[in-house]
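A closer look at the structure
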Amino acid sequence: MGLFKAADEGALLKAILQESVTEVLFFDADTLRIVQANPSAAHNLQYSLKDLRKLTPLDLMAPEDVRAMNTLLVMLKSGNKRRAALNVHFLRRDGTRYPVEARLSYSSDHDKPIFICIANDVSQREATRQALALSESDLRAIVARIPGMAYQVLRKRDGSTSLRYVSEQSAQLLGIKAAALRADPERFFELIMEEDKADYLARLAKAGGSHMTFNWEGRIWMEAWKDVKWVNIRVSQRETPDGLIWDGIMLNVTHSKLAEAEIRRSKAQLSALASHVESVKEQERLHLASNRDPRWA
């Protein structure tokens, strides 16, 4: 025996539709005229129920979505589908539009067969998605202007680590494409010059992390270019639900290192020149003193 009688079920369904924030439209399967709508649909679409009954769902949709809607209705009516879903834009009475996730079904259990459209307004979700997409676009633009390589290392709760992000500048800085470096982070260590590997490994052991998870500065050998580069690694660490993340940036500091070396070399040359000048002056004084005329002593 069911929990509700048929009359009770009808009353319960009506109450649910009245209170639901989901938009529900019932429309004639032959004429497509709307025969019933719940308050949420009337409110969101800015129509009275009386005015809605003069329209079809196609009148309430963005023009570019009408064809897809028609195709689904034909398939539902022919029995090729029992239910269907699509993402479309509804048009309010004032001409503004909003995105919805719509589910359609066909029912012949009435005096006249009807279509039922249940739609959820996803405006907020769409706005959030667009904001995230814009943020990601801005972030990519910022990263692209960094004179070096940005990256992220993730250590999961199970202790496994991965290089989950590497900016495209890795190809310019290290001669390794981003995808290749993500797949094999060990390739960075292989670039480090032998003279600097001991220091790198000592810092790695002290940090207790994995490659590129600690601050370091050293030299790498670029075999393809037969050149030495100085790189500077700076990282920050943070906890996330996924695990421990190191946000890092690797910069090419070769020019500044060469400039520092040139300054040191220049200072050494100036110091040597100053010493030489003083030595010459002292020798000149001694020479003058030894050649002084005794009559003037």
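Residues numbered from 1 in each chain as written. Predicted model: local features only at pLDDT ≥ 70, side-chain atom pairs only at ≥ 80, totals over all residues. Heavy atoms only, no water.

Strand order in the open sheet made by the five strands is S7-S6-S10-S9-S8, with antiparallel pairing throughout. Where the open sheet ends on each side, the last strands, each with one partner, are strand S7 (161-166) and strand S8 (216-222). If you compare each strand with its neighbour and ignore which way they point, the axes differ by 30 degrees on average. Strand direction decides the pairing type here: strand S9 (residues 227-240) and strand S10 (residues 243-252), joined by ten bridges, are antiparallel. Counterpart to Glu-239 in the pairing with S10 is Leu-244. (Pairing = 2+ DSSP bridges. Helix = DSSP H or I, 4+ residues; strand = E, 2+ residues; numbered from the N terminus. Axes fitted to C-alpha atoms, helices over the stretch in contact; angles between N-to-C directions.)

The relation between two aromatic rings is expressed through the spacing of the ring centres and the mutual angle of the planes. Applying the stated criterion to the full structure yields seven aromatic pairs. On the basis of an interplanar angle of 85 degrees and a centroid distance of 6.1 Å, the ring pair of Phe-90 and Tyr-98 is categorised as edge-to-face. Accessibility classification places Phe-90 together with Tyr-98 in one group, the buried group. A network of ring pairs unites the aromatic residues Phe-188, Phe-189, Tyr-200, Phe-214 and Trp-216 as a single cluster. Between Lys-197 and the ring centre of Phe-189, over which it is positioned, the NZ or CZ distance is 5.0 Å. (Phe/Tyr/Trp six-rings, centres within 6.5 Å; stacked < 30°, edge-to-face > 60°. Buried < 20%, exposed > 50% of the residue type's maximum accessible area, 1.4 Å probe, protein only. Lys NZ or Arg CZ within 6 Å of the ring centre and 35° of its normal.)

Both S8 and S9 contribute to a ladder of seven bridges, which runs antiparallel. For Glu-217, the partnering residue across the bridge sits in S9 and is Asn-232. Here S8 hands over to S9 after four residues, with Lys-226 in that stretch at a positive phi of 50 degrees.

Now for the environment of Asp-94. Structurally, Asp-94 can be placed in the loop between strand S3 (83-91) and strand S4 (97-107). For the pair Asp-94 and Gln-46, spaced 48 residues apart in sequence, the C-alpha to C-alpha distance is 7.7 Å. Among the polar contacts made by the side chain of Asp-94, one reaches the side chain of Thr-96 at a distance of 2.6 Å. (Polar contact = N/O pair within 3.5 Å; in protein donor to acceptor, adjacent residues only side chain to side chain.)

On to the sheet that holds S3, then. Strand order in the open sheet made by the five strands is S2-S1-S5-S4-S3, with antiparallel pairing throughout. Each edge of the sheet is formed by a strand with only one pairing partner; in this case those strands are strand S2 (34-37) and S3. On average, adjacent strands in this sheet sit at an angle of 25 degrees to one another, irrespective of strand direction. Of the strand pairs in this sheet, strand S1 (residues 23-28) and strand S5 (residues 114-121) are connected by six bridges, and their pairing is antiparallel.

Scanning the entire structure with this criterion turns up eleven salt bridges. A salt bridge links Asp-30 to Lys-77, with the nearest nitrogen and oxygen atoms 2.8 Å apart. Remark: Lys-77 occurs in helix H4 (residues 63-78) and Asp-30 occurs in the loop between S1 and S2; sequence separation between them is 47 residues. A relative accessible area of 54% places Asp-30 in the exposed class. Glu-239 is paired through a salt bridge with Arg-157; the nearest N and O atoms lie 3.5 Å apart. With Glu-239 in strand S9 and Arg-157 in the loop between strand S6 (148-156) and S7, this pair connects stretches of sequence that are 82 residues apart. Across this residue pair, the class does not change: Glu-239 and Arg-157 are exposed. (Salt bridge = Lys/Arg side-chain N within 4 Å of Asp/Glu carboxyl O.)

Grouped together as the largest cluster of nonpolar side chains are 30 residues, with contacts concentrated most on Phe-27, Leu-52, Leu-60, Met-69, Phe-90 and Leu-104. Mapped onto this core, the elements with two or more residues apiece are S1, S2, helix H2 (39-45), H4, S3, S4 and S5. If we skip the residues at most four places from it in the chain, Phe-90 touches Glu-23, Leu-45, Leu-60, Met-61, Thr-96, Arg-97, Tyr-98, Val-100, Cys-117 and Ala-119. Residues Leu-163, Phe-189, Leu-204 and Leu-244 belong to the second largest nonpolar core, which totals 26 residues. (Core = buried A, V, L, I, M, F, W, Y, C linked by side-chain atoms within 4.5 Å. Contact = heavy atoms within 4.5 Å.)

Take the side chain of Asn-38 next. Structurally, the position occupied by Asn-38 is in the loop between S2 and H2. Here the side chain of Asn-38 touches Thr-22 through a polar contact of 2.8 Å, landing on its backbone oxygen.

Moving on, we come to H4. For H4, with 16 residues, the first-to-last C-alpha span of 24 Å sits near the 22 Å given by 1.5 Å per residue. Among the residues of H4, Asp-65, Met-69, Leu-72, Leu-73 and Leu-76 are the ones counted as buried. Taken around the axis of H4, the buried residues stretch over an arc of 105 degrees, which confines them to a single face. Opposite the packed face of H4, turned more than 90 degrees from it, sit the exposed residues Pro-63, Arg-67 and Val-74. Buried residues belonging to H4 abut S1, S3, S4 and S5. Phi turns positive, to about 90 degrees, at Gly-79, one or two residues after H4. (Expected span 1.5 Å × (residues − 1). Arc of directions from axis to C-beta.)

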